[in-house]
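Geometric and topological summary
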2 protein chains.
Amino acid sequence: MERDLLKELAKPAPTKIVLLVADGLGDIPHPDYDNTTPLEAAETPNLDALARKGVCGRMRIAAEPGITPGSGPGHLGLFGYDPFEHEIGRGVMEAVGIGMHLQIADVAARGNFCTIDNKGIVTNRRAGRIPTEQGHKLCSKLNDEIGNIGRVTATVQPSREHRFVVVFRGPGLAPAITDTDPQVDGEPIKPAVARDPGSERGAAIANEFTKRAAWVLSDSKPANGVLLRGFSQAPRIESMYERFSLQCACIASYPLYRGLATTVGMDSLEVNGETVEDEFRVFADRFDDYDYFFIHVKKTDSYAEDGKFEEKAKVIEEIDRHVPMIMDKNPDVFSITGDHSTSTILKSHSWHPVPVMIYSEYCGADAVETFNERECDRGGLGIFESRYLMGLLLANALRLKKYGA
Amino acid sequence: MERDLLKELAKPAPTKIVLLVADGLGDIPHPDYDNTTPLEAAETPNLDALARKGVCGRMRIAAEPGITPGSGPGHLGLFGYDPFEHEIGRGVMEAVGIGMHLQIADVAARGNFCTIDNKGIVTNRRAGRIPTEQGHKLCSKLNDEIGNIGRVTATVQPSREHRFVVVFRGPGLAPAITDTDPQVDGEPIKPAVARDPGSERGAAIANEFTKRAAWVLSDSKPANGVLLRGFSQAPRIESMYERFSLQCACIASYPLYRGLATTVGMDSLEVNGETVEDEFRVFADRFDDYDYFFIHVKKTDSYAEDGKFEEKAKVIEEIDRHVPMIMDKNPDVFSITGDHSTSTILKSHSWHPVPVMIYSEYCGADAVETFNERECDRGGLGIFESRYLMGLLLANALRLKKYGA
């Protein structure tokens, strides 16, 4: 692990930082829309005014150019953590995404209901994609009937269709466990195997869970078996308070982002509703209670993933319209960016660096006139790795000591 | 070694990448030519049109600003390898440069014919720069008469004038061997000394070779001895296919570049002729056979090394004129850059970052209007290390999985 300079230099101060993350904010020009990006096409008078007074740039979320990050590494970077040092496993991401609360030693795995024939062969890895309601019922059945496995409890929570998450809790568990999912139909369920000695207990528990689940589900064909993969443990991360002396709040409508924020020790604030305004109102109400606010807007990403250019642009306009709700509180530092770009053309996360703006009384200035991708290319922040954003936010909040005499 | 993210994330796809390397492409403004660079002075309508649609930037070939790379590190960087992790020794570079095929355990060294007096003192380290034809004859003589040294064969191949390359092949060789060249006239040939225990056998072989060469050449004064330096072994590099799942072809007229490409596992395609058109025709003919094409144009560099501004600009125009031969094939990703800058004023490789352009359907856009050094300074790719170009090319070819959930 490299030296944690920010932790060494962070000092308390009576200043407040707002990080507004429009998920998947960056994009590439769309030929059907006059070769503009949604951010370029959107009318954003408030953000543009801030960009003129502030400094802008572009950020790579992953260390190397060309890498497209998922939401986990995307957000860890924004929070000032190296996404390659702190990997969040698939099982944990899924658990966090459906709102399960993990303790530090829990092992989580993603599960599928599947169909098994009388010779133990998996004939359908997704049990024919059973309806979500049936998945819910089967999960209740598992929770009621599987019982403790030794001193370990197994808690199952449904996701959509045939998907669920299982969390194992008990002494001596570690997550270096191979998947039981054979990945193709026509083969038996694989035994979970420990990849290190410390994970042997967990692997044995996973195999016992799989066996008991088959008993419990024996009458539930086509969903008469379970496949597990992505065994993982919540990352052991120093909290943002420990590192930066910041009391941090998360304002997000989606459980995944609340979960990610809690892994670095943020308080997750209750949001009534899903609109930008709903979220910003929580910010305004709780402004006095925290030093740092992570506000997450999901729909920029969702619309881009569906290829909906105009809708993505409209969410950006909705954000812009409500930005005064934030600025009226006079936070010392305001920053807007994304956790990655999402291309409306590719309908997926993309590798393109994400535009970022920082505004504070001491941020300096550059030549950027409007907040968008091409203008941010010539911003004073240049192109940098997102995990360094936190240092800039702390600096602008006068929360870092000088390095060296 | 750092984590090989690209290898982890690379996936096969039915897409094709073209990397066009104009050797020594970058340059600095020349006072005799209106303070333009050759790339600025050249008329390049085709490249400019691509630059308007694509994204541009500047690349540092070596990690730190200010470092001027040779052709070896220059190309390894472009191929996605860390040039500091995989050093290609002088002997290997020279061997590869004259078209010798090296096996993985061979030890290669550069040789000079020299003049030795009857007391064993080197009186002329270059044997008075004997003519190339004589060097050829002496090399044949050495190959005919030296014979095997134990179980090791020594193969000599002439380069220009007094220069040659020797390749030792046999069991138990390693290249940590000191030079026998005393570097000044008036001293005896130095014994080759092993710098580690594993190289002792190779050092003994080198000394025996030197002794036998003196016998064989005893009547060939002034070229009656040999000096060896730059002992090295072909680098043990994972191939581009292993790392990126790419079937790669090299199209280059000069053996050095073909040799460099084969060290990373590319197929070297036969080129009839030395013009840009000759090379591009091979590309067009073999387009269906490979995923990735490295096309190397030498003369941008050669003319710059000779200080010939206009000639360098003309080669750039020749490239531009034939770029449609490439684009007509609709490669998914097209990129043009150099392996380093070569300054027409300095008449040598230089440290200035090299301009780079990437064009694909998904590359995004920036404000660059013409492909040259000053415009690329404000491109959307920023300034980055050349070893990261491969990640961008793979990303644009949709050949990388997402990192993390």
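Residues numbered from 1 in each chain as written. Chains lettered and ligands numbered in written order. Predicted model: local features only at pLDDT ≥ 70, side-chain atom pairs only at ≥ 80, totals over all residues. Heavy atoms only, no water.

**Some details on the overall build of chain A**
- Per the secondary structure count, chain A includes 14 helices and 16 strands.
- Relative to its length of 405 residues, chain A is compact, with a C-alpha radius of gyration of 23 Å against a globular reference of 22 Å.
- Its C-alpha atoms give chain A principal-axis dimensions of about 70 × 55 × 40 Å.
- Relative to its full complement of 405 residues, chain A shows a buried share of 58%.
- Partitioning the contacts of chain A with sequence separation of at least 6, the portion at a separation of at least 24 is 74%.
- When the accessible surface of chain A is totalled, it reaches about 16,400 Å², and 46% of it is carbon and sulfur.
- Measuring between centres, the 46 positive side-chain charges of chain A sit 5 Å from its 59 negative side-chain charges. (Helix = DSSP H or I, 4+ residues; strand = E, 2+ residues; numbered from the N terminus. Rg over C-alpha atoms; globule rule 2.2 N^0.38 Å. Buried < 20%, exposed > 50% of the residue type's maximum accessible area, 1.4 Å probe, protein only. Contact = heavy atoms within 4.5 Å. Areas by Shrake-Rupley, 256 points an atom, 1.4 Å probe, with all protein chains shown as cover. Lys, Arg positive; Asp, Glu negative; His and termini not counted. Charge placed at Lys NZ, Arg CZ, Asp CG, Glu CD.)

**Brief notes about empty space enclosed by the protein**
- Counted by the stated rule, this structure contains six cavities of 30 Å³ or more.
- Here the largest cavity is characterised by a volume of approximately 260 Å³.
- Lining the largest cavity are 25 residues, and of these A:Arg58, A:His352, A:Pro353, B:Gly380 and B:Leu381 sit closest to its centre.
- Where the lining of the largest cavity is concerned, the elements lending two or more residues are β2 (55-60) and α13 (373-376) of chain A together with α14 (389-396) of chain B.
- Split into classes, the residues belonging to the lining of the largest cavity amount to 13 nonpolar, six polar and six charged. (1 Å grid on protein atoms, 1.4 Å probe; cavity = no way out; pocket = protein on both sides within 12 Å on 5 of 7 lines; lining within 4 Å. Points joined across faces, edges and corners; volume = space filled by probe spheres on them. Nonpolar A, V, L, I, M, F, W, Y, C, P; charged D, E, K, R; others polar.)

**Re the side chain of B:Asp301**
All names here are of chain B.
- Here Asp-301 lies in helix α11 (residues 299-305).
- On the basis of relative accessibility, which here comes to 3%, the residue Asp-301 falls in the buried class.
- One polar contact links Asp-301 to Thr-342, side chain to side chain, over a distance of 2.7 Å. (Polar contact = N/O pair within 3.5 Å; in protein donor to acceptor, adjacent residues only side chain to side chain.)

**A word on the interface of chain A and chain B**
- Taken together, the contact pairs 25 residues of chain A with 24 residues of chain B.
- Summed over the three residues of chain A that lose the most area to chain B, namely A:Glu64, A:Pro65 and A:Trp351, the buried surface amounts to 24% of that side.
- Where chain A packs against chain B, one counts one salt bridge.
- Between B:Arg3 and A:Glu87 there is a salt bridge; the shortest N-O distance is 3.4 Å.
- Remark: the boundary between chain A and chain B carries five residue pairs in polar contact (both at pLDDT 80 or more).
- Broken down by element, the residue count for the side of chain A that touches chain B peaks at three residues, all from helix α4 (residues 71-78) of chain A.
- Split by residue class, the side of chain A that touches chain B holds 13 nonpolar, seven polar and five charged. (Buried area = accessible area lost by both parts, 1.4 Å probe. Salt bridge = Lys/Arg side-chain N within 4 Å of Asp/Glu carboxyl O.)

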